[in-house]
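Survey of secondary and tertiary structure
Here is what each chain is made of, one letter per residue.
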Protein chains: 2
Amino acid sequence: MPGKSDTDPDDTNVETSGDRYKLQGVARALRLLDLLADAGATGFTVTELSQQLETSKSSTFALLRTLVAHSYATEIQPGPRYRLGRAVIRLADSLTEGLGLTEIGRPVMQELTARTGWTTRLAVADNGFPVFIDRVDGPGTIRFHTQLGRRELPHHSAAGKAIMSALDAGRIRAIAQETGLPGRTRNTITTVDDLLADLATSRTRGFAIDDEEDDEGVFCLGAAFLDRTGTCLGSISVTGLKRDIPTWRVRELGESVRAHADDISIGLGGPTWHEYLAGGKAPTW
Amino acid sequence: MPGKSDTDPDDTNVETSGDRYKLQGVARALRLLDLLADAGATGFTVTELSQQLETSKSSTFALLRTLVAHSYATEIQPGPRYRLGRAVIRLADSLTEGLGLTEIGRPVMQELTARTGWTTRLAVADNGFPVFIDRVDGPGTIRFHTQLGRRELPHHSAAGKAIMSALDAGRIRAIAQETGLPGRTRNTITTVDDLLADLATSRTRGFAIDDEEDDEGVFCLGAAFLDRTGTCLGSISVTGLKRDIPTWRVRELGESVRAHADDISIGLGGPTWHEYLAGGKAPTW
DNA sequence: TCAGCATGTTTGGCACAACAGAACTGTGTT
DNA sequence: AACACAGTTCTGTTGTGCCAAACATGCTGA
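Here we look at the protein's contact with DNA strand C
In the vicinity of DNA strand C lie 21 residues, with Arg28 and Ser59 of chain A together with Gln24, Thr47 and Phe61 of chain B positioned nearest. Between DNA strand C and the protein, one listed contact pairs a phosphate oxygen with a backbone N or O atom of glutamine 24 of chain B at 2.8 Å. For the surface near DNA strand C, a count of residues per class yields 6 nonpolar, 11 polar and 4 charged.

Take a look at the structure:
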């Protein structure tokens, strides 16, 4: 099987029954965790969960008890409701710790948010797709919520386009083909040619712009960072309301994002974006 | 099962086979996740995991494939190694989001660390036991590492003692009984009477002190915060080297921790510690 | 070049773990 | 009181998920 298509940006669609080695019970447990994650603080009751899982109450109950025994879920009162348990924090901490990114990235993000007042987010590159793993919210009352840990489509976010601007044209075309570049707003780029053009300017400019391409009224600026081998590990981006940024400030803000992304690259022992482009290791189109 | 050498409030030891409704497969999967969490960035191979799980390679393999299919694990090269996948981040984010604590707590922690230069940690109370769920590292090169998401023993950390200082004497005695108050350094409190005395002063003082009771040379100050119903949700603490803090600064620093914990209480709609003690809702001994 | 070893992957058959459904318990509502 | 409903527990049966052993692959050193 050549196209080992791990390409499915949709988490929920794991019904791809091609997998031979799927353990039903475990798969159910993981879906249960996903459901609990959706529930948030209020949690779910056994019956609600069993309905969503399309599994009998008794089986769901057994699953839950197993999760609880291992602290992956906890029971909260009243009327026994279940929500995620503390064990999941340990997992996430271990993962991000292992990446070593948050240690380096967090202070940089904090400074960027402090300086700009905008929400900063950090995404890692997963085969050219952005996966947001951390964020620092700005002081304002408006929150730009992001699901962390999900693989997003790359073509309608500044973070995604920043990552793509470090890919070669072939891969970009492949991604476009694979995702179909669905539109989200009237500004979303939906053709390969437009995308390549946009990425070309992003690359020379040093940062990518999302001008209401993901959400009406929302404006983002993103820049990629690199590790010591010169491969793009991910990107950071800032998000705010379009009405808050006059055109003449875009360049200034974008260069600030670029500079902070470079700080992360340096922290990782990698080159700045400028060095990267000059070094000849960047793919040329 | 002879005592596992590291002081372990025991996540791993879920062999308590009394649990009727344990699903073997799921339990294995969860233990597998725990193992992967220990692995960190390097990950483990199938054989390593199967040995640690005490399960056949083929079964372990099937488990792994199921985890991978749901993005709870990923395969990394070379020589197929497995580590945690991005899905776990989503879980943790959902959990802390739900608690609403990190949103309120994070800025406070940042300010406290910025002001003191010490590492700040946030613990939630789990039946009187502290579970650290977030941290903000200080600028220094020395890092005080904590496993997030683990249930720790409460009697040898400032965070734990801060939480306990909001409990009634009965519960404290029960915890002492349950844990046996094992010693960690020569300063660790190991008798119930000493513990109660220490907690009494902590309570009136407004913050708890860990004077090399957990680790030689390490000094901590912790203070509890309360929600709108006046119950203690957790505590924050700062950690540093004992040699960095002269005796005369302890009070000042402790009161700063107290003040920041109060900020969290206020953010949660709860009373300050002072109001709490005066309000008569605090248990009296 | 070829055994020899140590991985990861695949298969198939059997046993029993884990399903579903029905019975039981508890709590709040009319 | 009787009901309705949700959370538990029990139990028989089936199909799931176990394991052993075979297969494939890659590395080592003779």
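Description of the domain arrangement of chain A
The domain boundaries assigned to chain A delineate domain 1 (1–85) and domain 2 (96–278). Look at where the C-alpha atoms of domain 1 of chain A and domain 2 of chain A centre, and you get two points 31 Å apart.

Brief notes about the protein's contact with DNA strand D
DNA strand D sits among 23 residues. The nearest are Gln24, Gly25, Thr47 and Phe61 of chain A together with Ser59 of chain B. When atoms of DNA strand D within 4 Å of the protein are sorted by moiety, sugar and phosphate together comprise 72%. Between DNA strand D and glutamine 24 of chain A there is a distance of 2.7 Å, counted from a phosphate oxygen to a backbone nitrogen or oxygen. Note that a phosphate oxygen of DNA strand D is positioned 2.5 Å from one of the backbone N or O atoms of glycine 25 of chain A. Of all the secondary-structure elements, those providing two or more residues to the surface near DNA strand D are helix 1 (24–39), helix 2 (46–53) and helix 3 (57–69) of chain A together with helix 1 (24–39) and helix 3 (57–69) of chain B. Sort the elements by how many residues they give to the surface near DNA strand D and helix 3 of chain A lands first, with 4 residues.

A closer look at the pattern of salt bridges
Per the counting criterion, the structure on display carries 37 salt bridges over all chains. Between lysine 242 of chain A and aspartate 211 of chain A there is a salt bridge, with its nearest N and O atoms 2.8 Å apart. Of the two residues, lysine 242 of chain A sits in the loop between strand 8 (232–241) and helix 9 (247–267) while aspartate 211 of chain A sits in strand 6 (residues 208–211), which places them 31 residues apart along the sequence. Residue classification places aspartate 211 of chain A among the partly exposed positions, given a relative accessible area of 23%. Arginine 81 of chain B is the partner of glutamate 48 of chain B in a salt bridge, and the nearest nitrogen-oxygen pair spans 3.7 Å. With a gap of 33 residues between them, glutamate 48 of chain B in helix 2 (residues 46–53) and arginine 81 of chain B in strand 3 (residues 81–84) connect regions that are remote in the sequence. For glutamate 48 of chain B, a relative accessible area of 29% translates into the label partly exposed.

Comments concerning the packing of helix 2 of chain B against helix 3 of chain B
All names here are of chain B. Between helix 2 and helix 3, the shortest axis-to-axis distance is 9 Å and the interhelical angle comes to 110 degrees. Here helix 2 is positioned roughly perpendicular relative to helix 3, judged by the angle of their axes. Residue-level contacts link Val46, Thr47, Leu49, Ser50 and Leu53 of helix 2 to Lys57, Thr60, Phe61, Leu63 and Leu64 of helix 3. Grouping the constituent residues of the contact of helix 2 with helix 3 by class yields 6 nonpolar, 3 polar and 1 charged.

Criteria and cut-off values
- Residues numbered from 1 in each chain as written.
- Chains lettered and ligands numbered in written order.
- Predicted model: local features only at pLDDT ≥ 70, side-chain atom pairs only at ≥ 80, totals over all residues.
- Heavy atoms only, no water.
- Near = heavy atom within 4 Å.
- Polar contact = N/O pair within 3.5 Å; in protein donor to acceptor, adjacent residues only side chain to side chain.
- Nonpolar A, V, L, I, M, F, W, Y, C, P; charged D, E, K, R; others polar.
- Domains from an automatic or database assignment.
- Helix = DSSP H or I, 4+ residues; strand = E, 2+ residues; numbered from the N terminus.
- Salt bridge = Lys/Arg side-chain N within 4 Å of Asp/Glu carboxyl O.
- Buried < 20%, exposed > 50% of the residue type's maximum accessible area, 1.4 Å probe, protein only.
- Axes fitted to C-alpha atoms, helices over the stretch in contact; angles between N-to-C directions.
- Parallel < 35°, antiparallel > 145°, perpendicular 65-115°, else oblique.
- Contact = heavy atoms within 4.5 Å.

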